[in-house]
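Commentary on secondary and tertiary structure
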Amino acid sequence: MLQRHLTAACAATAAAGALLVAGLSGSASARPSGSPAAPTAAETLRTDAAPPALLRALERDLGLNRRQAERRLANEAEAGATSGRLRAALGAHYAGAWVRGAESDTLTVATTDPADVPAIRALGAAARVVDHSLAALDAAKARLDRAATRHAATDTPEWYVDVPSNALVVQAVRPGAARFLLAAAHVDASIVRTVKSAEHPRPLYDLRGGDAYYIDNGSRCSIGFPVTRGTQQGFATAGHCGRPGSTTTGANRVAQGTFQASVFPGNDMAWVAANTNWTATPYVNGSSAQVTGSTQATVGSSVCRSGSTTGWHCGTVQQLNSSVTYQEGTVTGVTRTSVCAEPGDSGGSFLSGSQAQGVTSGGTGNCTSGGTTYFQPVNPILQSYGLTLRTTATGPGDPGDPGGTWAAGTVYQAGATVTYGGAAYRCLQTHQAQPGWEPPNTPALWQRQ
């Protein structure tokens, strides 16, 4: 079965021509001769729609010029599509992927089987053979997550799967705390790397900002992403900002809405339903920053945050699916980044190019000395509460009703399968489906089976 998938992946590459034209740009999906060229991943994810404020922040924080910033976003889009194809092909051997380089022009894909190396290289990626699959590391982390609900974890402020080092990393104030949690979770220490840490992450509560909102006429947070639920308009934000029933007012002190649902700790997610005075738009921070989708970025990709206290700041995605312990308890499933943040930025938007990534949760440090910030991914918020991200994407879609299980508004995880127009497709990258992103139109997101 695996060899059949790998052969197909290589054949697709040959049919499409050279994958790498510059960096990772290009499409790995073949179309019959004479057919319109398939859109590249960069075209699908509209990296050209990245807002000027985000590009300026990338230049400042990652030491790039404008051309490098634009090429980096395009390369990261292509890397996500390529790693998605290889994840599907490698199956249980897959051990993660990450990008590196100033322009993210090198994609590395890890596998536990040396026989997979030629197939990885055939798609233009560097290959690394490791001991543990991503599934095995994720399973060990899940055991730690469960143990943290039964035992105090304040002296182990964070743990995550680090794909470049192929290890489950546990940050601990003292080694004994890590050993205790690992023993409670029945996790084999051979797959763990313990890192001493004096960090004490905290939720990033209130302070003023451009697009702040006020909770119960008191504390302040930042709006995340505007959403809709049917005809109801509102926004996603961090769960620690408010509880169900809490009322909000906008930065202009006009009555705004009410928290409908909120989870913290455990996760850090919430959504606010706005009253009819407010309209959900596909913009960030009241500027021309456009959101065109919610495709999850690859480890190593650039990511930028907009908050009401410190504005735009950028860094990179360090780890996905991290767990962090605040004073209030452990939050799982957050993404760890090198972006700085400060109190009042909580709930604010994280973007990779024009793709929504999540809402600011908490972290350490500040934007003077630098720090670490975690965000709650946006796709689980959309999925949990039945929300639709407001975007500027206006793809043509397919005429009529082709039939099948694919549906706009559904959050699809990498590896999910759907039918559309009589054909079966496998999801390559986690995202919320939207009109114009039908499987035949988006080879960066879907692979025909």
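This text goes with the structure placed above it.
Residues numbered from 1 in each chain as written. Predicted model: local features only at pLDDT ≥ 70, side-chain atom pairs only at ≥ 80, totals over all residues. Heavy atoms only, no water.

**Here we look at the overall build of the protein**
A tally of helices and strands in the protein yields eight helices and 28 strands. Here the protein holds 449 residues, and the buried ones make up 54% of them. Sequence separation of at least 24 residues holds for 61% of the intrachain contacts in the protein that already meet a minimum separation of 6. (Helix = DSSP H or I, 4+ residues; strand = E, 2+ residues; numbered from the N terminus. Buried < 20%, exposed > 50% of the residue type's maximum accessible area, 1.4 Å probe, protein only. Contact = heavy atoms within 4.5 Å.)

**Things to note about the sheet that holds strand S1 (residues 94-100)**
Backbone hydrogen bonds are what pair the strands of a sheet, in a parallel or an antiparallel way. Taken together, three strands build an open sheet; the order of strands is S1-S2-S3 and the sheet is mixed. Edge strands, defined here as strands with exactly one partner in the open sheet, are S1 and strand S3 (126-129). For this sheet the average axis-to-axis angle between neighbouring strands, irrespective of direction, equals 20 degrees. In terms of strand pairing, strand S2 (residues 106-111) meets S3 through four bridges, oriented parallel. The partner of Thr108 across the bridge, within S3, is Ala126. Packed on one face of the sheet, helix H4 (residues 66-90) meets S1 and S2 and runs near 15 degrees to S2. (Pairing = 2+ DSSP bridges. Axes fitted to C-alpha atoms, helices over the stretch in contact; angles between N-to-C directions.)

**Quick word on the packing of helix H3 (residues 52-62) against H4**
Interhelical geometry of H3 versus H4 gives an angle of 105 degrees and a closest axis separation of 9 Å. Looking at the two axes, H3 sits roughly perpendicular to H4. Together, Pro52, Leu54, Leu55, Arg56, Leu58, Glu59 and Leu62 of H3 and Arg66, Ala69, Glu70, Arg72 and Leu73 of H4 make up the contact between the two elements. (Parallel < 35°, antiparallel > 145°, perpendicular 65-115°, else oblique.)

**Here's the deal with the state of the cysteines**
Within this structure, the stated rule accounts for three disulfides. Here Cys304 pairs with Cys314 through a disulfide, and the sulfurs are 2.1 Å apart. Because the sign of the S-S torsion sets the handedness, a value of about 105 degrees for the bond joining Cys304 and Cys314 places this disulfide among the right-handed ones. Here Cys304 is found in strand S17 (residues 302-307), whereas its partner Cys314 is found in strand S18 (residues 311-326), with ten residues between them in sequence. The same class applies to Cys304 as to Cys314, namely buried. The partner cysteine of Cys340 in its disulfide is Cys367, sulfur to sulfur 2.1 Å. Disulfide Cys340-Cys367: the torsion about the S-S bond is 100 degrees, which places it as right-handed. A residue pair is termed long-range when its members are at least 10 positions apart, and Cys340 in the loop between strand S19 (329-337) and strand S20 (349-352) and Cys367 in the loop between strand S21 (355-366) and strand S22 (370-377) qualify at 27 residues. Residue Cys340 is classed as buried on the basis of its relative accessible area, which comes to 8%. (Disulfide = S-S within 2.5 Å.)

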